[in-house]
Amino acid sequence: MSEKPNPIQMQKFLGGMEYPASKDQIVEHAKSKGADEAVLDGLKAIPDREYNGPTR
């Protein structure tokens, strides 16, 4: 089981993300920035909706 990433770790891989964005777009962006499995798993766990920013 991987360690749960903290929000600062996740935010590092969301730099340059254009919003609004869907959950899938956010996961793909983080993957393209080299996010590790813990970060990707954390992002995959967020609700499937459109986000207007990194905190909303």
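Just above sits the structure.
What counts as what
- Residues numbered from 1 in each chain as written.
- Predicted model: local features only at pLDDT ≥ 70, side-chain atom pairs only at ≥ 80, totals over all residues.
- Heavy atoms only, no water.
- Phe/Tyr/Trp six-rings, centres within 6.5 Å; stacked < 30°, edge-to-face > 60°.
- Lys NZ or Arg CZ within 6 Å of the ring centre and 35° of its normal.
- Buried < 20%, exposed > 50% of the residue type's maximum accessible area, 1.4 Å probe, protein only.
- Helix = DSSP H or I, 4+ residues; strand = E, 2+ residues; numbered from the N terminus.
- Arc of directions from axis to C-beta.
- Core = buried A, V, L, I, M, F, W, Y, C linked by side-chain atoms within 4.5 Å.
- Contact = heavy atoms within 4.5 Å.
- Lys, Arg positive; Asp, Glu negative; His and termini not counted.
- Salt bridge = Lys/Arg side-chain N within 4 Å of Asp/Glu carboxyl O.
- Polar contact = N/O pair within 3.5 Å; in protein donor to acceptor, adjacent residues only side chain to side chain.
- 1 Å grid on protein atoms, 1.4 Å probe; cavity = no way out; pocket = protein on both sides within 12 Å on 5 of 7 lines; lining within 4 Å.
- Points joined across faces, edges and corners; volume = space filled by probe spheres on them.
- Nonpolar A, V, L, I, M, F, W, Y, C, P; charged D, E, K, R; others polar.

Enquirer: Could you clarify how one ought to interpret the packing of aromatic side chains in this entry?
Expert: Aromatic ring pairs are reported here in terms of the distance separating the ring centres and the angle at which the planes meet. Applying the stated criterion across every chain yields a total of zero aromatic pairs. The ring of Tyr51 has Arg49 lying over it, and the distance from NZ or CZ to the ring centre is 3.9 Å.

Enquirer: Looking at this structure, how should I read helix 2 (residues 23-32)?
Expert: For helix 2, the set of buried residues is Lys23, Ile26, Val27, His29 and Ala30. Around the axis of helix 2, the buried residues are gathered within 160° of arc, so they sit on the same side. Opposite its buried face, helix 2 presents the exposed residues Asp24 and Ser32, each directed more than 90 degrees away. Immediately beyond the C-terminal end of helix 2, within one or two residues, lies Gly34, with a positive phi of roughly 90°.

Enquirer: Quick question: what am I supposed to make of the nonpolar core here?
Expert: Soluble, globular proteins show a tendency: their nonpolar side chains are buried together. Judged by nonpolar contacts, the single largest core of 13 residues is most densely connected at Ile26, Ala30, Ala35, Val39 and Leu43. Put simply, the parts of the chain that give this core at least two residues each are helix 2 and helix 3 (37-44). When neighbours within four sequence positions are excluded, Leu43 is seen to be in contact with Met10, Leu14, Lys23, Ile26, Val27 and Ala30.

Enquirer: Sorry, what's going on with the side chain of Lys23 here?
Expert: With respect to the element layout, Lys23 can be found in helix 2. The buried charged residue Lys23 lacks any salt bridge partner; its closest oppositely charged side chain belongs to Asp48, at an N-O distance of 5.5 Å. There is a polar contact of 3.2 Å between the side chain of Lys23 and the backbone oxygen of Ile46. Not counting residues up to four positions away in its chain, the partners in contact with Lys23 are Leu43, Lys44, Ile46, Pro47, Asp48, Arg49 and Tyr51.

Enquirer: So what exactly am I meant to see when it comes to the environment of Ser32 here?
Expert: Tracing the backbone shows Ser32 in helix 2. With 18 residues separating them along the chain, Ser32 and Leu14 place their C-alpha atoms 9.8 Å apart.

Enquirer: Before we go on, may I ask you to explain the layout of surface pockets in this structure?
Expert: To locate leftover empty space, one rolls a probe as large as a water molecule over the atoms. In this model, the largest pocket occupies a volume close to 200 Å³. Looking at the largest pocket, it is lined by 14 residues, and the ones nearest its centre are Leu14, Leu43, Ile46, Pro54 and Thr55. For the lining of the largest pocket, the class distribution of residues is nine nonpolar, three polar and two charged.

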